Every structure is written in structure tokens, then in C-alpha cells.
Amino acid sequence: MNFGLFFAGADSDYSSSRYVILGIPFDLTQSFRPGSRFAPGRIREASWNLESYSFDYGVDISDCSVHDMGNLDVEYPHEILLRKIGERVSEIVEDGKFPVIIGGEHSITAGCVSKLKKVSVLILDAHFDMRNEFDGSRSNHACVTRRLMEMRDAGTVEEIVLAGVRSGTREEIENGDGLTVFTARDLSYGMDDLLSHLSSLKNIYISLDMDCFDPSVAPAVSTPEPGGLNFRNVMRILERVAGKSMGFDLVEVVPEYDSGNTCILSARIIRDFIAMREKFKG
Ligand code: MN
Ligand code: MN
């Protein structure tokens, strides 16, 4: 564990905390642009350039009992790491706390969700991530939705909603039968269908692949894909689910390709997500 820099405003100790930030600096399968292992540290660093007070939601996250647990030790074979991630995340949830996970690449989400029960998963992503195998691995970051679909088939995951998608192979799309998909193009005509669908979900785990944003908004991601969402679109989607969510991850940021803005955006989303959850939870 690395107890160096912590997220701004996350000054609670574990036992009295309600939110727990955990970094997972893992990017083994990011083939095109690796480097998301640096994101947890850089996003924490960026958080200090923001106020701890969320202007949009009127909540100061230093009043939200947030603990920063540092980074998970990722020096394990991928499959074992995913199991350890699952154990850690379920421990946090069983302790009655809300996990806020900073990746790392998207494959970690399969670990995060693996030990949860009766959750629905909302994924914001440019990509289907429905490959069965990629680069010789079923745990590749391009396979994460597929692995979540297997959890749905096994009954631990209720429903998977994928929004913002605009890239996939014909095979991935055919495999996506049973996913609830709102493409980036759908959303460009209006978000009402998505927002009303989200109203019907409960106990939601949210996975934010930062490439859901248009590359003009979030350029420093592993696999940028034009035609994406803007900041206010994403915040409106998160507002609809934050109050009934039970976990959150933010993945795929590669600081090396950043002028600093993608890390600031990520820190802003983490701060405002906690603030909006406080504001909207029942
Ligand atoms: Mn992804
Ligand atoms: Mn993606």
C-alpha cells in the first residue's frame, strides 16, 4: 500500500469513513497507449487544484467522511489480482462504505464487481468491450463487458446498461445480445430514454471509462474514439444514478498524453460524484 499523496478532502480515517477511495495502478493489457498505472497518483495530485466544495451540488467533500486508502498492491498475476480486487471491494461494501475506485485499465472492473450480489452495472464507454479474448487474454481490458455479461448469466449481476458506445466489431455487437445499449449517436438525439431507463434501476455499480468522453474533452485515455459525450451529458447521467449507486470506478486515463486537463477532469468527477451522491441519496 502506498500512503503517499491522498485525494484532497479525503481526510477521514477508515473506521469512521463513508466513502473509501482506492487506487488500482494496473495497466498490463493496455496495448495501444499504456500508462494508466500512473493515473491514481496524478488524479490525486490534480485534486489539490480544485476546491473541496462542489459548487454544482452545494456539498463540501471534506464533510462527507472520505478516506483515501492509497493504492492496491498490483504485483500479482492478472487473474489473482482480479480476485484480490474483488475481495477488497466487497470488504469495503460489507463495512457499509462506498468504494470509489481509481484505475488503472478497465479490466479491473470485472474484479470490482465479481463478489457483489444483485447489482446492476452502468458502464459509460466508447467501446463495447465485448471481445471474448484479446491479445491472448480473457481478462484484457477489451473483454470487460463480456466478463460482466457472464456474471449476469450466473445471476449475480441483474442488468448491464452500456451508454456512450460508438465503436465495436460486428462480432462484439452480435455478442451484445442482452445488453441494454444507448449509443453515443442515440444520445446525440436526446438523453430522455436513457435517463428514464436509469430511473428503473437500483443498487447500481457505475463504471466510467473516461473514453466515453469526446477526445476533445478527455484526450488522455488509452483508446480515444471521436464522437463522444461532453461533461454536462455525463454529469446528468451520473446525477440520475448517484443516489442509488453502491460503487463507482473511473478507468483508462493515461496521464502521459495529458496537458493536465484529463486528470483535472477526473478529479472533478470524483469530487462531484461524491457530492451529488450526498445530495441525491434518499
Ligand atoms: Mn472500456
Ligand atoms: Mn473504452
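Residues numbered from 1 in each chain as written. Chains lettered and ligands numbered in written order. Predicted model: local features only at pLDDT ≥ 70, side-chain atom pairs only at ≥ 80, totals over all residues. Heavy atoms only, no water.

Caption draft 1: Up close: the side chain of Asn 140. Topologically, Asn 140 is positioned in the loop between strand E6 (119–124) and helix H4 (144–154). Non-local contacts of Asn 140, meaning those with residues more than four positions away in its chain, are made with Thr 29, Ser 107, Phe 134 and Asp 135. (Helix = DSSP H or I, 4+ residues; strand = E, 2+ residues; numbered from the N terminus. Contact = heavy atoms within 4.5 Å.)

Caption draft 2: Structural detail: the coordination of the manganese ion (ligand 2). At 2.0 to 2.5 Å from the manganese ion (ligand 2) lie its protein donor atoms, namely Asp 125 (OD), His 127 (ND1), Asp 209 (OD), Asp 211 (OD) and Asp 211 (OD). Within one chain, the residues donating to the manganese ion (ligand 2) are spaced in sequence as D-x1-H-x81-D-x1-D. Separating the manganese ion (ligand 2) from the manganese ion (ligand 1) is a gap of 3.2 Å, which Asp 125 spans by donating to each of them. Here the residue His 127 occupies a position in the loop between E6 and H4, and Asp 211 occupies one in the loop between strand E9 (204–209) and helix H8 (231–242), the gap between them amounting to 84 residues. (Donors = N, O, S within 2.8 Å, 3.2 Å for Na, K, Ca; no water.)

Caption draft 3: Up close: H4. Buried residues of H4: Val 144, Thr 145, Arg 146, Arg 147, Leu 148, Met 149 and Met 151, and no others. On its buried side, H4 packs onto helix H3 (108–114), E6, strand E7 (157–165) and helix H5 (170–175). Looking one or two places after H4, you find Gly 155, whose phi comes out positive at around 95 degrees. (Buried < 20%, exposed > 50% of the residue type's maximum accessible area, 1.4 Å probe, protein only.)

Caption draft 4: View of the coordination of the manganese ion (ligand 1). Coordination of the manganese ion (ligand 1) by the protein comes from His 106 (ND1), Asp 125 (OD), Asp 129 (OD) and Asp 209 (OD), over a distance range of 2.1 to 2.2 Å. On the basis of relative accessibility, which here comes to 1%, the residue Asp 209 falls in the buried class.

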